Amino acid sequence: MNISYNWLKRYIALKDDAETVAKILTSIGLEVGTVETVETIRGGLRGLVIGEVLTCVPHPNSDHLHLTTVNIGEGEPLPIVCGAPNVAAGQKVVVATIGTVLYDGDQSFTIKKGKLRGEDSFGMICAEDEIGVGTDHAGIIVLPEDTPVGMTAREYYHVQDDTIIEVDITPNRSDAASHYGVARDLYAYYKAHGQEVALTKPSVDAFKIDNKELPIRVVVEAPEACPRYTGVSIKGVTIKESPDWLKNSLLAIGLRPINNIVDVTNFVLHECGQALHAFDADKIKGNEIHVRFAEQGEKFVTLDGEEREMCACDLMIANAKESMCIAGVFGGLESGVTENTKNVFLESAYFDPVTIRKTSRRHQLQTDASFRYERGCDPNNTLYVLKRAALLIQEVAGGEVAMEVTDTKSADFSPWPVTIEISRVNSLIGKEIGEDKIETILKALEIEIKSKNGDKWELAVPRYRVDVQRECDVVEDILRIYGYDNVEFPEKLNTSLAYGVKPNPEQLRRRIAEQLTAQGFYEILNNSLTKVSYYEPLQQLPLEQCVKIMNPLSSDLGVMRQTLLFGGLESIARNANRKNSDLRLYEFGNCYHYKANPAAREHNPENSLIEYSEEPHFGLWLTGNKTAQSWVRKEEKSSFYELHAYVNNILVRLGIDMSKSTVERLDNELFADGLVLKAANGKALGYIGIVARKVLKGFDIEQDVFYADLDWNQLLKQNKQYKAVITDLPKYPEVKRDFALLVDKSVEFVDLARAAFSTEKKLLKNVFLFDVYEGKNLEAGKKSYALSFILQDAENTLKDTQIENIMNRLKATFEEKFNATLR
């Protein structure tokens, strides 16, 4: 929320500058994001002065330009070439002198000495839009005759620099969602720290009923949603542009002035934190206001011109025939103030926060009004705010208060009663700050001390402090005003040890999720209930092993999933149907199984869940293109090997030694091909596969899908064994040697790599497969593998004899075990 430093000073006499005030606000719980100097008009009209046109004659070389001389109050009159059709001698005008910077949106330009059609020009006579004071470009600005020559335009237009303090209001601090609310907190801080300051709340004593010519009857039909509603009519207003002080106030905090009536309601909202609404009184049919819930399915056109379908739990402000406004959220298109409005009805109400929040979220309407209502406004402030706004409207738009104030209350808004114990206060703060100091702070916070009974104090907390209803809340308020930095650390600190679970499943899960998200994956969350039809044709995950729902709503939600695969395929199908077919997805989820075991059930009759299991799994899906076609590179399809690399990265991140893990070919009816990943102890970590075409056909997916399923419990067990070891970087270089081996087609790379590591356990660091060839010039049933071997000794530089000996032993192993020959 933007807080204007100049605006703030209307309520509290600040001696500190804006930067210091920002630090104070942060220290008392109103955290400041930024502090920025702003101008109501960009550039602040610097370099612009009021001048008088002394002479004005046609330009000899143009049919539309004029040659003028302009007195700007100092030095010789300036010759200026002007193209405005309304320029004339004797006028008071705004002159941009040489060096002045003018702005047009995000663009700027500097006034320089120039020649126009051969005549010198030492400045520019300005139009409204050229200096940012209006939008008219039909001609130059002509000021009243009594405007002093030489006065700066900045002074004439009352331009002021201001400092905007951006305060991050937490949801519990609705009382600080206004300038007066922030001033009230600053006042408490200064009082608590011994500085004498005055907090001034604008007076409404001048409010009076002028006549009763425009009565509007108010009927609250939903008191539970609108515990208090106040309103008054004002007759004979004049809709026009707001005065400069009002416009500048709104512009400073980023609001666009609209007209004097609407601007007053916005001003008071940001002044007092209470939203108001101004209706055109002549559009209130039947001269009646009804606060009621909407009819289910009722159509209502809001101020933005959009027709919305209302719910029966949406609170509406209606007239005798139709709705006019979504209460506390957004106005209607047909009931608001326009340039033709003559009479207004002003509303100031307290609405139930829950009702407003639900309506705001349901219709995706987040407004300044709903922001405050849904956090809780002050129900005791509605009448004051109504009178304040009415007086301001009379000031800027004229008119007369034309009815008795309506004030409908259905609840008692007495202060929150809270009991505190001083010993408890000191204990929670960690320091004895003295009863006098506590009393000073409480009074500065407008918390009344009703009675003192020894250590026990009875307090009355204002209703606007919706977050202070318990003793600990009061202590927090005392401490933030006293100052957290003023509580010293004791010489002795006590602590207790907390033993965490290692590995921490949530921490590891978050770590892997962040890794995948950084690599372009999206996390999905599918329903654990799934279709019966998915499992009916399966042999390895048969329907008999599904956990069935006793009373399913439909067959689509008849069983609990045994695998994450089908949920991911549903997500892929949905995205592909919407032209989003390049996908990387992951999901953490549980899978559920039922295995009939009569013997176990008979042995443990008290355990009704003995035949059921629930296991956490981790799934990854890859489909579509790895990279899209562009001028830099060609289109590249996702592949099994790409997914394999992602899975390997996950296993490495979890500390699983890949050199000791093994793989086996996957035999699963759901996959065309794939691998089973096993840890060094032989336990399956999971599998990676190419989803079978028949499975994809059931989801109308035409492109290949690659899927990995990892057993999360097994990954955690492997991680538990992992111990991080720090070693120095190798001092001696590694050596690379290659073999091209001719082997049987049944031989796989993993077998060769495993044999190599068993042959040379100390110096062999890695084995890579960099080429596979099957085809011409090879014997039938044979294929060629090109392997790279990385050798390294951490203690010495490898000698040629060592390297040759190792390679000979590797060759012998391959010949003996695989009948391999070198090509």
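Reading the values: rules and limits
Residues numbered from 1 in each chain as written. Predicted model: local features only at pLDDT ≥ 70, side-chain atom pairs only at ≥ 80, totals over all residues. Heavy atoms only, no water. Patch = residues over 30% accessible without salt bridge, like charges linked within 9 Å, V, L, I, M, F, W, Y side chains within 5 Å. Areas by Shrake-Rupley, 256 points an atom, 1.4 Å probe, with all protein chains shown as cover. Salt bridge = Lys/Arg side-chain N within 4 Å of Asp/Glu carboxyl O. Lys, Arg positive; Asp, Glu negative; His and termini not counted. Charge placed at Lys NZ, Arg CZ, Asp CG, Glu CD. Helix = DSSP H or I, 4+ residues; strand = E, 2+ residues; numbered from the N terminus. Buried < 20%, exposed > 50% of the residue type's maximum accessible area, 1.4 Å probe, protein only. Expected span 1.5 Å × (residues − 1). Contact = heavy atoms within 4.5 Å. Pairing = 2+ DSSP bridges. Polar contact = N/O pair within 3.5 Å; in protein donor to acceptor, adjacent residues only side chain to side chain. Axes fitted to C-alpha atoms, helices over the stretch in contact; angles between N-to-C directions. Parallel < 35°, antiparallel > 145°, perpendicular 65-115°, else oblique. Left-handed = near helix turned anticlockwise from the far one by under 90°. Nonpolar A, V, L, I, M, F, W, Y, C, P; charged D, E, K, R; others polar.

A. Expanded view of a negative patch on the surface. Taken together, the side chains of D104, E128, D129 and D136 define an acidic patch exposed on the protein surface. In this structure, D136 sits in the loop between helix 3 (128-131) and helix 4 (153-156). Judged by its relative accessible area of 37%, D136 is partly exposed.

B. Representation of helix 10 (residues 382-397) in the model. With 16 residues, helix 10 extends 22 Å between its outermost C-alpha atoms, agreeing within 8% with the 22 Å of an ideal straight helix rising 1.5 Å per residue. Residues of helix 10 that are buried: T382, Y384, V385, L386, R388, A389, A390, L391, L392, I393, V396 and A397. The secondary structure elements touched by the buried residues of helix 10 are strand 14 (228-235), helix 6 (244-252), helix 7 (260-272), strand 15 (276-280) and strand 22 (343-350). One or two positions beyond helix 10, positive phi appears at G398, with a value near 70°.

C. Geometry of the sheet that holds strand 3 (residues 48-58). Spatial ordering of the open sheet is given by 5-4-3-6-11, a layout of five strands whose pairing is antiparallel. Of all the strands in the sheet, just strand 5 (78-82) and strand 11 (124-125) have a single pairing partner and so form its edges. Here strand 3 runs beside strand 4 (residues 66-71); their pairing, made up of six bridges, is antiparallel. Directly across from V57, in strand 4, lies its bridge partner L67.

D. Inspection of the pairing of strand 4 at higher detail. Note that strand 4 and strand 5 share five bridges and pair antiparallel. Counted as the bridge partner of H66 is C82 from strand 5. Connecting strand 4 to the antiparallel partner strand 5 that follows it, the hairpin turn spans six residues, and G73 within it adopts a positive phi of roughly 95°.

E. Representation of the pattern of salt bridges in the model. On inspection of all chains with the given rule, the structure shows 47 salt bridges. Across the pair E587 and R561 runs a salt bridge whose closest N-O atoms are separated by 3.3 Å. Residue E587 is found in strand 32 (residues 583-594), and its partner R561 is found in the loop between strand 31 (559-560) and helix 15 (565-576); the two are separated by 26 residues along the sequence. Of the residues examined, R561 reaches a relative accessible area of 6% and is grouped as buried. A network of salt bridges, in which partner residues are shared, links R173, D175, D185, R465, D467, D477 and R480.

F. Structural detail: the side chain of E760. Residue placement: E760 occurs in the loop between helix 20 (749-759) and strand 41 (764-773). Among the residues examined, E760 registers a relative accessible area of 7% and is labelled buried. Within the structure, the side chain of E760 is placed 3.1 Å from the backbone nitrogen of K762, a separation counted as a polar contact. In this structure the side chain of E760 is engaged in a polar contact, spanning 2.4 Å, whose partner is the side chain of R809. E760 has contacts with I806 and R809, leaving out every residue within four places of it along the chain.

G. How the structure looks around the sheet that holds strand 29 (residues 529-530). Reading across the sheet, the three strands line up as 29-31-30 and stay open at both edges, with antiparallel pairing between neighbours. In the strand order of this sheet, the two ends are held by strand 29 and strand 30 (547-548), each with one partner. Summarising the sheet, strand 30 and strand 31 pair through two bridges and their orientation is antiparallel. What sits directly across from V547, in strand 31, is M560.

H. Focus on the packing of helix 11 (residues 422-429) against helix 13 (residues 471-482). Between helix 11 and helix 13, whose axes approach to 10 Å, the crossing angle comes to 60°. Accordingly, the angle class assigned to the pair helix 11 and helix 13 is oblique. Between helix 11 and helix 13 lies a crossing whose hand is right-handed. Residues R424, V425, L428 and I429 of helix 11 lie in contact with helix 13, whose contacting residues are E471, V475, I478 and L479. Residue composition of the contact of helix 11 with helix 13, by class: six nonpolar, no polar and two charged.

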